[in-house]
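For reference, the chains in residue letters:
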Amino acid sequence: ELPCQILQVRERLKQQVAEMKEKFPGFRPGLAILQVGNRDDSNLYINMKLKAAAEIGISANHIKLPNTATEADVLKCIASLNGDPAVHGFIVQLPLDSDKPINTEKITNAVAPEKDVDGLSSINAGKLSRGDLGDCFIPCTPKGCMELIRQTGVQVAGKRAVVVGRSKIVGAPMHDLLLWNHATVTTCHSKTTTLAEEVGKADILVVAAGKAEMVKGEWIKPGAIVIDCGINHVPDSTKASGKRVVGDVAYSTAKERASYITPVPGGVGPMTVAMLMQSTVESAQRFLEKFQPGKWNIQYNQLTLKVPVPSDIEISQSCIPKPIDQVAREVGLFPDEVELYGQTKAKVHLSALERLKSQPDGKYIVVTGITPTPLGEGKSTTTVGLVQALGAHLHQNVFACVRQPSQGPTFGIKGGAAGGGYCQVIPMDEFNLHLTGDIHAITAANNLVAAAVDARIFHELTQTDQALYSRLVPSVNGVRKFSDIQIRRLQKLGINKTDPATLTKEEVNFFVRLDIDPSTITWQRVLDTNDRFLRKITIGQSPTEKGFSRTAQFDITVSSEIMAVLALSDGLDDMKKRLGRMVVASSKRGEPVTADDLGVTGALAVLMKDAVKPNLMQTLEGTPVFVHAGPFANIAHGNSSVLADKIALKLVGKEGFVVTEAGFGADIGMEKFFNIKCRYSGLRPHVVVLVATVRALKMHGGGPAVTAGVPLPKEYMEENLQLLAKGCSNLNKQIQNARMFGVPVVVAVNAFKTDTKAELALVVQLAKEAGAFDAVECTHWAEGGKGAVALAQAVQRASQTPSNFRFLYNLELPVIDKIRLIAKQIYGASDIELLPEAQEKVAMYTKQGFGNLPICMAKTHLSLSHDPEQKGAPTGFILPIRDIRASVGAGFLYPLVGTMSTMPGLPTRPCFYDIDLDTASGEVKGLF
């Protein structure tokens, strides 16, 4: 049986582990034991440790390498364990039993100091020798010795202590430990000539010499505490084994003089194991303190503000970003959850969401805006300014979640989308260009589907049923076998067979022929470039296509349904299922043809497997940002990914904030955020931040047209309160739109240098009168987070008020009724008018079983109505629906309102005129 001292330690540790598990469900302290070879004594010691760990509740993992393992093999294994977040304590069992030469010092120093629960690394040894006892791990045997001494009740401070032996594992650290516990310490060793005399002076004697009964009982000072660390075998004919275990002290005579002496075996050994467990529990506690979603220990960047404000690219390049792995650590991500793409961006694995699933979510804030001018009103800038204010100035845990910009507008008319002034995601050139390749992956996946559609039509037109069947289910070594995706198609057709040889001719015909009606193809090829000459093309003109040509088009990549699928998926499996459900056309029988029918689902998932991971970046002031997915808001649902929001909400913790942005005005991006994104994610927003500008409100009041690339008319440069007040009808309507969903609204008045104090005050006043929870003037573009502190404080207050979130419509309503509700309630229309093509689509989609999907209106962002020239808050108009299309994989129907292109064109003077590369420094110049 174990001595009572050790039982007490184990019971205490068991209680601590139980408390950890209760506070952090699913968590267990983890211990890894790495063994090289198969020594019997090592096996015995390891079994003792595994048994103790199991009793206490520690998850122990024994890794055993063969005795042929090289030093490189051992170091590789150590590197893996160092990076494993489930391992909190890690020991290398010594000696290393290998046929190959291995440097033990190198091996022990390779163990991460924060996991070195054996305390053998040079870093931990150095801290111990300096007296940093609270910041290191102490070798388990000396630690156990100190515990045994303490349990005797003797005060160590002021006592004379003698340590016999100076090994790195016991003697030397024992000396340091006694010294820093205020004993007067003498170390004796093989060269000590007056050993008996020195031993006789000891109030506390620790012997770790490795020589059987070397210290005689008569040497010991009466009443001394004796800790015997020795394990030696001496001949004993009375034992079955012919030997017995003795310590370094002659026990039978020493016990007559000592007030306390540890037995051998059963003394220091079991306590050493108990101390290993204690160090593992301590390491797990430190780990939880560092990584739990509480207050982040984050380093913020100090801005050096300049007047006038330099260009965006100058500001971005003047700031040195933190290494992205540092940002990841600061927000509580584990090393194995982060995949670095250089120094400034990384992908975050979805395993982080699984690990954090039991943690409460933070506060969920959506940033939207009034109906904008073609120049934009600063939603991205306000999003970044708000998170910089909440984080760097109010010291809250906060994440921004934004969309990845398309390269079409970046090189076209709009420029970049990283925010602006002193509120940017950095580095802005990497943010606005390839990032980590997600949009390229979508382009590849989308065009694979397009190629599969036309190839399948071609092959079905040029081959018999049997020829198709022989190629679709080829014989390999004389055996035909259906693939998994083909089995799914058979099941969809009601053919419950798995042997290709058993299909009837009729079943073969149904299986091989999708019988796509070319006139119903809705799947287009895509390119992430503005190219107006691809809006309508003819494909199949090569002689090899045998005259099977058709009219088609290119869309811009971010309008692809695969982009919407990425944005709305809640995991890899969900994304794969959504990809498979995407409808590309109808058959001549009127049945939907899906990506799964084409057999392409698995390949799409492979192309998208990395794109599904959110991208981690940072703001100018060092707050974290997730950049993920980038669907347009006028022709798609216009919001960043569900996955990024969900991971961020867990990381910030219950008191933290996640700020995401919905594209364009509240009538478009915000409405889709609520009715589509929140419906699928299950997340509920706490606050709407509505961005308004004096410039846009003057335009809505009847001011002259605002055109990109053209100087603003004088009406926007001079104070005009009457024009401004009239234009606030749009602000009023968008506040009403937000409140319709039961969420409090804070208006952020994004101030420009041409705005007067009276104009800004008027907007604030009218916003409050219209029902906003608060309205705040913001100067974040020029001042960074400091200029949005008042906004952040208003958001904090609003987040404490009850949010009675509700959807605008029930999915069970007929398609036409859902469209009518959006048109009347959100846009201000008196009714809707469905053109014949739209009416046909309503009937078809309802028949195909898609009538219960939410609605994603494809409409101009420049007006509440379908006419971009109608400003303010028009009413009484009839909203024309010219067509309706289905994004079944993404999970919505999208009515087309008016005319709108899914492939933008380049203006006379595109943004790329101002973009250049300094080939000497590699810096991007003039970008955006």
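Just so it is clear, the structure is predicted and the values come from calculations on it, not from any experiment.

Q: Is there a simple way to think about the pattern of salt bridges in this case?
A: Side chains bearing opposite charge may pair, as long as their charged atoms lie close to each other. Considering all chains together, one arrives at 45 salt bridges under this definition. A salt bridge links R329 to D325, with the shortest nitrogen-to-oxygen separation between them at 3.6 Å. Of the two residues, R329 and D325 both sit in helix α12 (residues 324-330), four residues apart, roughly one turn of that helix. What makes R329 partly exposed here is its relative accessible area of 41%. One salt bridge in this structure joins R489 and D597, with 3.4 Å as the shortest N-O distance. Residue R489 is located in helix α19 (residues 484-492), and its partner D597 is located in helix α23 (residues 595-598); the two are separated by 108 residues in the primary sequence. Of the two residues, R489 and D597, neither departs from the other in class, the shared state being buried. When salt bridges with common partners are traced through the structure, they connect E339, K609, D610 and K613 into a single cluster.

Q: Is there a simple way to think about the pairing of strand β13 (residues 363-369) in this case?
A: Consecutive side chains of a regular strand alternate in pointing toward one face of the sheet and then the other. The element β13 is largely enclosed, with a buried count of seven among its seven residues. Burial along β13 is two-sided: the face carrying K363, I365, V367 and G369 and the face carrying Y364, V366 and T368 are both buried. Direction of pairing for β13 relative to strand β27 (residues 657-661): parallel, over a ladder of five bridges. Note on β27: the bridge partner recorded for Y364 is V658. As defined by bridge partners, β13 adjoins strand β28 (residues 687-692) across five bridges and the pair is classed as parallel. Bridge pairing in β28 links V367 to V689.

Q: Got a minute to help me understand the UniProt feature "domain: Tetrahydrofolate dehydrogenase/cyclohydrolase catalytic" (unreviewed entry) in the protein chain in this structure?
A: Per the UniProt record, "domain: Tetrahydrofolate dehydrogenase/cyclohydrolase catalytic" (unreviewed entry) is annotated on residues 8-118. Across residues 8-118, helical content stands at 47% and strand content at 16%; the span's end C-alpha atoms are separated by 21 Å.

Q: Would you explain the nonpolar core in this entry?
A: The biggest cluster of nonpolar side chains holds 139 residues, and the ones touching the most others in it are F399, F626, F674, L731, V747 and L879. Not counting the four nearest positions on each side in its chain, F674 is found in contact with V366, R679, P685, V688, F741, V743, F805 and F807. Listed in part, the 52 residues of the second largest apolar core include M174, L178, I225 and F334.

Q: Would you mind going over the side chain of D645 with me for this structure?
A: As for its placement among the helices and strands, D645 is situated in helix α25 (residues 642-652). For D645, the side chain forms a polar contact with the side chain of Y364, separated by 2.4 Å. Excluding residues within four positions of it along the chain, D645 makes contact with Y364, C401, S640, T660, K677 and L683.

Q: Can you help me understand the environment of E621 in this one?
A: Counting through the fold element by element, E621 comes out in the loop between β25 (615-619) and β26 (624-627). Residues E621 and A392, 229 residues apart in the sequence, show an inter-C-alpha distance of 6.6 Å. Beyond its immediate sequence surroundings of up to four residues, E621 is in contact with Y300, N301, L303, Q388, A392, H393, G784, G785 and K786. Here G785 takes part through its backbone nitrogen, which lies 2.6 Å from a polar atom of the side chain of E621.

Q: Help me out: how do you make sense of the packing of helix α21 (residues 561-568) against helix α22 (residues 572-581) in this one?
A: What describes two packed helices is the angle between their axes and the distance between those same axes. Where α21 contacts α22, the two axes come as close as 9 Å, and the packing angle between them is 150 degrees. With respect to α22, the axis of α21 lies roughly antiparallel. Crossing angle aside, the handedness with which α21 passes α22 is right-handed. When α21 is examined against α22, the residues I562, V565, L566 and L568 are found in contact with a partner set consisting of D574, M575, R578 and L579.

Q: Just to check I follow, could you spell out the sheet that holds strand β33 (residues 892-897) for this structure?
A: The strands making up a sheet associate through hydrogen bonds between their backbones, and the pairing can be parallel or antiparallel. A sheet is described by the order of its strands in space; here three strands give the open sequence β31-β32-β33, paired in mixed fashion. In this open sheet, the two edge strands, each paired with only one partner strand, are β31 (831-834) and β33. Here the strands of the sheet are splayed against their neighbours by 50 degrees on average, with no regard to which way each runs. Strand direction decides the pairing type here: β31 and strand β32 (residues 878-887), joined by four bridges, are parallel. Counterpart to E833 in the pairing with β32 is P880.

Q: Can you help me understand the pairing of strand β5 (residues 184-188) in this one?
A: Of the strand pairs in this sheet, strand β4 (residues 160-164) and β5 are connected by five bridges, and their pairing is parallel. Opposite V163, over in β5, you have T187 as the bridge partner. At this point the chain moves from β4, through helix α7 (residues 171-180), to the parallel β5, and the crossover so formed is right-handed.

Q: Help me understand helix α32 (residues 815-827), please; the structure alone is not making it clear to me.
A: Residue pairs three or four apart in sequence face the same way in an α-helix, which turns once every 3.6 residues. Between its first and last C-alpha atoms α32 spans 17 Å; for 13 residues at 1.5 Å apiece the expected length is 18 Å, and the two agree. In this fold, the buried residues of α32 make contact with α26 (666-681), α28 (721-739), β31, α33 (836-847), β32 and β33. Following α32 by one or two positions, G828 adopts a phi angle in the positive range, close to 95 degrees.

Q: Is there a simple way to explain unusual backbone geometry in this structure?
A: Both trends apply: most residues other than glycine have a negative phi, and most peptide bonds are in trans. Here the residue pair V307 and P308 is connected by a cis peptide bond, since its omega of 0 degrees sits within 30 degrees of zero. Looking at where P308 falls in the secondary structure, it is placed in the loop between α10 (268-291) and α11 (312-318). The phi angle at D515 is positive, at roughly 55 degrees, despite the residue not being glycine. Among the secondary structure elements, D515 is positioned in the loop between α20 (505-512) and β19 (525-527). Residue D515 is classed as partly exposed on the basis of its relative accessible area of 25%. Located in the positive-phi region is F664, a residue other than glycine, with phi close to 55 degrees. Residue placement: F664 occurs in the loop between β27 and α26.

Procedures and definitions
- Residues numbered from 1 in each chain as written.
- Predicted model: local features only at pLDDT ≥ 70, side-chain atom pairs only at ≥ 80, totals over all residues.
- Heavy atoms only, no water.
- Salt bridge = Lys/Arg side-chain N within 4 Å of Asp/Glu carboxyl O.
- Helix = DSSP H or I, 4+ residues; strand = E, 2+ residues; numbered from the N terminus.
- Buried < 20%, exposed > 50% of the residue type's maximum accessible area, 1.4 Å probe, protein only.
- Pairing = 2+ DSSP bridges.
- UniProt positions renumbered as here; feature names shortened; annotations may be inferred.
- Core = buried A, V, L, I, M, F, W, Y, C linked by side-chain atoms within 4.5 Å.
- Contact = heavy atoms within 4.5 Å.
- Polar contact = N/O pair within 3.5 Å; in protein donor to acceptor, adjacent residues only side chain to side chain.
- Axes fitted to C-alpha atoms, helices over the stretch in contact; angles between N-to-C directions.
- Parallel < 35°, antiparallel > 145°, perpendicular 65-115°, else oblique.
- Left-handed = near helix turned anticlockwise from the far one by under 90°.
- Right-handed = clockwise from strand over helix to strand, strands pointing away.
- Expected span 1.5 Å × (residues − 1).

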